[in-house]
Amino acid sequence: MNVGPDRWALEKAPGFPLLVVPFQRLGVPHLANPVLAIVTAAALYGLVALWYGEGLACAAVALFLLTPMSLVAQHNMWMETFAGGAVPLLGGVFYFLYLLRPVGRHALAFALIAGLGLGWASVVRLSNVLLLGLCGLHLLVIA
């Protein structure tokens, strides 16, 4: 929100505005939520297809993208509600992919992306810190 000439203050956590910065620089800030939706849907599809099969993966992606709250949140480009749910989902998907494949050439990449996603989720919405703490505690227990 504007608090004076050339002075702005954040009403909420700074994660979503920082996520939009590259899109703003490219002149397409309205594409931040759709790109996030595509990346998250692809990751969700990959996890559910690996775990349960392609039919359920298609249903999970359809539910993720077509629920009314998701559609409304994606429509308003400055609303962090969609990112507040999509970023932890993305981090959680990669955390589960890491748990399913703890060894191999992709394990380190899955762990890194999971850590970045869950860490960024707490920056997008401060209440997501609980999810980050739970995943960190789980990782400590299994390690």
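Sequence order as written defines the numbering, with residues in each chain counted from 1. Where totals are concerned, whole chains, interfaces and linings use all residues; where local detail is concerned, this predicted model gives features only for residues with pLDDT of at least 70, and gives and counts side-chain atom pairs only at 80 or more. With hydrogens and water stripped out, all remaining heavy atoms of the structure feed into the side-chain values.

### Structural notes on the pattern of salt bridges
Keep this limit in mind: By convention in these notes, a salt bridge is any Lys or Arg side-chain nitrogen within 4 Å of a carboxyl oxygen on Asp or Glu. Helix and strand definitions here come from DSSP, where helices need a minimum of 4 consecutive H or I residues and strands a minimum of 2 consecutive E residues; each element is numbered from the N-terminal end. Exposure is judged per residue with a 1.4 Å probe applied to protein chains only, and the accessible area is read against the type maximum: over 50% gives exposed, under 20% gives buried, and values in between give partly exposed.
Enumeration according to the criterion identifies one salt bridge in this entry. Between Arg125 and Glu80 there is a salt bridge, with the nearest N and O atoms lying 3.3 Å from each other. In this pair, Arg125 sits in the loop between helix H6 (107–124) and helix H7 (129–142) while Glu80 sits in the loop between helix H4 (68–75) and helix H5 (81–100), placing the two residues 45 residues apart along the sequence. On the basis of relative accessible area, Arg125 is assigned to the partly exposed category, the value being 26%. Accessibility expressed as a relative area gives 14% for Glu80, which makes it buried.

### Brief notes about the environment of Phe23
Quick note on the threshold: In what follows, residue pairs with any heavy atoms lying within 4.5 Å of each other are defined as contacts.
Position of Phe23 among the secondary structure elements: in helix H1 (residues 15–26). Classification of Phe23 as buried rests on a relative accessible area of 18%. Considered as a pair, Phe23 and Leu10 are 13 residues apart in the sequence and their alpha carbons are 18 Å apart. Beyond its immediate stretch of four places on either side in the chain, Phe23 contacts Val28, Pro29, Leu31, Ala32 and Val35.

### A look at the side chain of Asn128
Structurally, Asn128 can be placed in the loop between H6 and H7. If we ignore the near neighbours within four places in the chain, the residues touching Asn128 are Gly84, Pro88, Ala121 and Ser122.

### Side note on the layout of surface pockets
The line we're drawing: Whether a set of points on the 1 Å grid over the protein atoms alone is a cavity depends on a 1.4 Å probe fitting there but being unable to get out, while an open set qualifies as a pocket with protein on both sides within 12 Å along at least five of seven lines; lining residues are those with an atom within 4 Å of a point. Grid points are joined across faces, edges and corners, and a volume is the space filled by probe spheres set on the points. We call Asp, Glu, Lys and Arg charged. Ala, Val, Leu, Ile, Met, Phe, Trp, Tyr, Cys and Pro are nonpolar, and the rest, Gly among them, are polar.
Taken as a whole, the largest pocket holds about 510 Å³ of empty space. Lining the largest pocket are 17 residues; nearest its centre among them are Met1, Ala9, Leu10, Pro17 and Trp78. The space that makes up the second largest pocket amounts to roughly 270 Å³. Along the wall of the second largest pocket there are 14 residues; nearest its centre are Leu19, Leu36, Val39, Val87 and Leu90. Mapped by element, the contributors of at least two residues to the lining of the second largest pocket are H1, helix H2 (32–51), H5 and H6. Grouping the amino acids of the lining of the second largest pocket by side-chain chemistry returns 13 nonpolar, one polar and no charged.

### Looking at the packing of H2 against H5
Operational definition: Axes, fitted as lines to C-alpha atoms, cover a helix only where it is in contact. Angles between the N-to-C directions of the axes lie from 0 to 180 degrees. Oblique is the label for any angle not under 35 degrees, not over 145, and not in the 65 to 115 range, which are roughly parallel, roughly antiparallel and roughly perpendicular in turn. By convention, the crossing between two helices is left-handed when the near helix turns anticlockwise from the far helix through less than a right angle, and right-handed when the turn is clockwise.
For the pair H2 and H5, the least separation of the axes is 9 Å and the interaxial angle reads 30°. One way to sum up the angle between H2 and H5 is to call them roughly parallel. Between H2 and H5 lies a crossing of left-handed hand. Here Asn33, Leu36, Ala37, Val39, Thr40, Ala43, Leu44, Leu47, Leu50 and Trp51 of H2 lie close against H5, whose contacting residues are Phe82, Ala83, Ala86, Val87, Leu89, Leu90, Val93, Phe94, Phe96, Leu97 and Leu100. Tallied by class, the residues present in the contact of H2 with H5 amount to 19 nonpolar, two polar and no charged.

### Some words on H2
What counts is decided by this rule: To estimate how far a helix should extend, the number of its residues minus one is multiplied by 1.5 Å.
Compared with the 28 Å implied by 1.5 Å per residue over 20 residues, the 29 Å span of H2 between its first and last C-alpha is a close match. Those residues of H2 not exposed but buried are Ala32, Asn33, Leu36, Ala37, Thr40, Ala41, Ala43, Leu44, Leu47 and Val48. Within two residues after H2, Gly53 carries a phi angle of roughly 120°, on the positive side.

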